[in-house]
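# Structural overview for review
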Amino acid sequence: MKKTLIALGSAICLMVSSLSSVAQASETVDQSNPYQLIEQVADNTFSRLRKDRTLFRADPDLLRDVVKDELLPYIHTRYAASLVLGAQYYRKATPAQRDAFTEAFTEYMIASYAQILLEYDDQAVEVQKDQPIAPDDKIVKVRVDITDPSRPPIRLDFSLRKNSRTGNWQAYDVTAEGVSMIQSKQSEWKAPLRRDGIDSVIEQLKTLAERPIRREDKQKQDAS
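What counts, and at which threshold
- Residues numbered from 1 in each chain as written.
- Predicted model: local features only at pLDDT ≥ 70, side-chain atom pairs only at ≥ 80, totals over all residues.
- Heavy atoms only, no water.
- 1 Å grid on protein atoms, 1.4 Å probe; cavity = no way out; pocket = protein on both sides within 12 Å on 5 of 7 lines; lining within 4 Å.
- Points joined across faces, edges and corners; volume = space filled by probe spheres on them.
- Helix = DSSP H or I, 4+ residues; strand = E, 2+ residues; numbered from the N terminus.
- Pairing = 2+ DSSP bridges.
- Nonpolar A, V, L, I, M, F, W, Y, C, P; charged D, E, K, R; others polar.

Moving on: the layout of surface pockets. Unoccupied space between atoms shows up once a probe the size of one water molecule is rolled over them. Considering only enclosed or pocket space, the second largest pocket measures out at about 160 Å³ in volume. If you trace the second largest pocket, you find it lined by E39, A42, D43, F46, S47, R50, Y120, Q123, V125, E126, V127 and K129. The set of elements that each furnish at least two residues to the lining of the second largest pocket consists of α2 (34-51) and β1 (124-127).

Structure follows, in structure tokens:
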């Protein structure tokens, strides 16, 4: 359950041009305010899901384009990937390995978030109202509450980092039920990194990213 909530939260904050049959990306989001950024990204993403619901159900892999168009531009993927890799393995990795890990990690997360978006069914999303931000604040957390009549409400806390050069805010982590996405992935890949090395983990991520986007019940039927 925790993994599902974390992935869902990441998909809201996260997430190649779309196929001509699918609506193009929404207007560019204002990144000067972290609260407005999260609200606009959520609005754009779920509006697009509602608009093209039939297309996405017919071909779930099109959801990758939603993630790339609506979510990915506002995620600091390189920073998130470096945190997931951890200081120890980041220092050991060559520049080429760091680039390869970031690319594989990004594609893996795109697939993961697309899988979660497939389960979207008109949940209500409420973003925390603007709070005062001091000029020297570099990290801000934004609370989002997700309401679904069929289950208890979900609280998510998004971590955003301000780019000192551009002044833009970018999301890099989400916490659900006290567990952060970064910490969860660090724990998940710590043993494979130690046992198999970074190159092996990169290949594992690529393989996972290539899996087709399908509903969980369909995947279980195919595996049986």
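The strand order across the open sheet built from five strands is β1-β2-β3-β4-β5, with neighbouring strands paired in antiparallel fashion. Here the strands that pair on one side only, and so sit at the sheet edges, are β1 and β5 (179-180). Direction of pairing for β1 relative to strand β2 (residues 139-148): antiparallel, over a ladder of four bridges. Of the residues in β2, the one forming a bridge with V127 is V144.

Attention shifts here to empty space enclosed by the protein. Estimates place the volume of the largest cavity at around 100 Å³. What lines the largest cavity is simply L49, R53, F56, R57, L63, L117, L118, Y120 and R215. Considering every element that reaches the lining of the largest cavity, the biggest residue donor is helix α3 (residues 53-58), with three residues. Partitioned by chemical class, the residues of the lining of the largest cavity number six nonpolar, no polar and three charged.

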